[in-house]
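# Fold and geometry: a report
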Amino acid sequence: MVTDVRKPSAAPERPPVPGESQWGRVTTPRTLLSRALSVPLALGFTVFLPFFVAAQSGDGQRDAAFWLQLLLAMYAGARLSAMVLTSRRKLLQGSFWLFVYMAMGVAPLAQAVLGRVPTPVVGPRSDLTVAIGLVLLGCTAFDVGVLLARHRPAARRTGGSRKEPRPVMVHRRRLQLLTLVAFLCSAAFVAKLGGPAVFFSSRQEIIAGIQEAGVSNGDGQAGQALLRGFGTVPALLALLLYTRWLITSKYARRKVSVIATTAALAVLNLVVNNPVSNPRYWFLTVLFALLFTVFPVSAAMYRVALSMAVVIALLVFPFADRFRYDEKNYKPVETTSFLEPMALKDYDQIGMFANTITFSNSGPGHFYGRQLAGSVFFAVPRSVWPGKPRDTGVMVGQWMGTVNTNLSSPIWAELWLDFGPLGMGAGLLALGYAAARVDRRYAKRATRRSPPGSLISTVVPLVAGYSFILLRGPLLQASGRVAIAGMCLALVATYRHDKGTTLR
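Conventions used here
Residues numbered from 1 in each chain as written. Predicted model: local features only at pLDDT ≥ 70, side-chain atom pairs only at ≥ 80, totals over all residues. Heavy atoms only, no water. Helix = DSSP H or I, 4+ residues; strand = E, 2+ residues; numbered from the N terminus. Buried < 20%, exposed > 50% of the residue type's maximum accessible area, 1.4 Å probe, protein only. Contact = heavy atoms within 4.5 Å. Areas by Shrake-Rupley, 256 points an atom, 1.4 Å probe, with all protein chains shown as cover. Phe/Tyr/Trp six-rings, centres within 6.5 Å; stacked < 30°, edge-to-face > 60°. Lys NZ or Arg CZ within 6 Å of the ring centre and 35° of its normal. Axes fitted to C-alpha atoms, helices over the stretch in contact; angles between N-to-C directions. Parallel < 35°, antiparallel > 145°, perpendicular 65-115°, else oblique. Left-handed = near helix turned anticlockwise from the far one by under 90°. Nonpolar A, V, L, I, M, F, W, Y, C, P; charged D, E, K, R; others polar.

Looking only at helices and strands, the protein chain features 18 helices and four strands. When each of the 504 residues of the protein chain is scored for burial, the buried share is 48%. Long-range pairs, those at least 24 residues apart, make up 79% of the contacts in the protein chain between residues at least 6 apart in sequence. Taken as a whole, the protein chain presents about 24,700 Å² of accessible surface, with 63% of it coming from carbon and sulfur.

What follows is the structure, encoded as structure tokens:
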């Protein structure tokens, strides 16, 4: 008797997948396109644009400051390219390098080529060289902080399993309360300034309305910051939270009340947060926050946003102050070179850092936390705190004798003035560490399976947008909206995950 012994049959071969390599990794058309664009994108940001700007004719000096500025632009371009091409969305780091590339890199390089600056640099050329070197030091410290964030401490374990912290959620009833507060505060803001029409005139009219309302007197800015903050921030936060709820929840899209509330909040924000009555950096915050809330998991949108922001910063942003003044005081820029708007407009960060160094060297020295204390306790009126610090930009501008003291004071200058070069480096190292940790947490939570009430999915896009204001400075001007946003978030935050409490 012959026994038919057969070997186990091999698993049937599956048909090959188009684009699959011999190692089994699938290469999609989108991946191929991304790889094809990576080299020209990186070369464009890192080499082509900086060298194209540097090769233009102008009256600037080709000295140590110029070559340091070119190095800074190339370094920031390489880091921005890495942010655009990363496989994981890094909103905070991407915003940081976008700001550095344009405001501290390419725009000051154009100023160095033309020999023209939007704000006079009153000190010696050596102070400008030191300022550029300190910015490079701060950027390096930021990257060191990012590297340190990769070495996280061992996670706590309970019973042999990893213990994950419970995510912070949005409390549904408190969100409704925040929405009510937003409508009341914005209505009071609109009524205080004389009605909705003034919000579509010019920012000059808004400032005049605030002064007529009696909340901005002398050097005190606390009243103005609180009025504008409470009039704009709760409305924006409520819109972001409702938009995320509507985008990520089928239940919300079937609720007429949610749709109607979102539409009403959109109209409210169109009044109080439109680009006509608000500074460009604040509208940029609104735009970034809404963009990444509407597209919570789109890597393509993240890459397009960072890439197109460079084009907008070059071609649109310098001309976007059309509504800063009324018709009588507006003077359009007439130019034949795309470099001139960057040399004549708002990109004064490097120059103001140099002026801050000159101001400190002229006698005051470092303040050892005094300016930071003024930003933290911004709400304390000067009648209670007579020696309350002024905005760093205003203080340096008054020392320079400029008529317009609404000048920037980048985070590098704020930290250096308070704590010196070592303190500045430590502060930016901590900033890089925090940004990397938050970006990692955001990438982990911002998925298609993330619940509609996940608070971090709304907070991180908002912080990424507002980081342009924080990095530009002065910190004292930016503190009001930060504090108000913190109060609003504390109101709606909860650790409870039951269906009766959170969004669904």
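Evaluation of the coordinates by the stated rule reveals 16 aromatic pairs. The interplanar angle of 80° and the centroid separation of 5.0 Å between the aromatic rings of F66 and W67 together place this pair among those described as edge-to-face. Taken together, a centroid distance of 5.0 Å and an interplanar angle of 90° make the contact between F96 and W97 edge-to-face. A relative accessible area of 3% places F96 in the buried class. Grouping aromatic residues by their ring pairs yields a cluster made of Y75, F96, W97, F142 and W412. The ring centre of W282 lies 4.0 Å from the NZ or CZ of R481, which sits over that ring.

So, about the packing of helix α2 (residues 64-85) against helix α4 (residues 125-149). A packed helix pair is summarised by two numbers, namely the angle formed by the two axes and the spacing between the axes. Between α2 and α4, the shortest axis-to-axis distance is 9 Å and the interhelical angle comes to 20°. Put simply, α2 runs roughly parallel to α4. For the pair α2 and α4, the crossing hand works out as left-handed. Taking contact as the criterion, the partners of A64, A65, F66, L68, Q69, L71, L72, Y75 and R79 in α2 are, on α4, R125, L128, T129, I132, G133, V135, L136, C139, T140 and D143. Classifying every residue of the contact of α2 with α4 gives 12 nonpolar, four polar and three charged.

Everything listed here is a matter of coordinates, which is why it stays silent on function.
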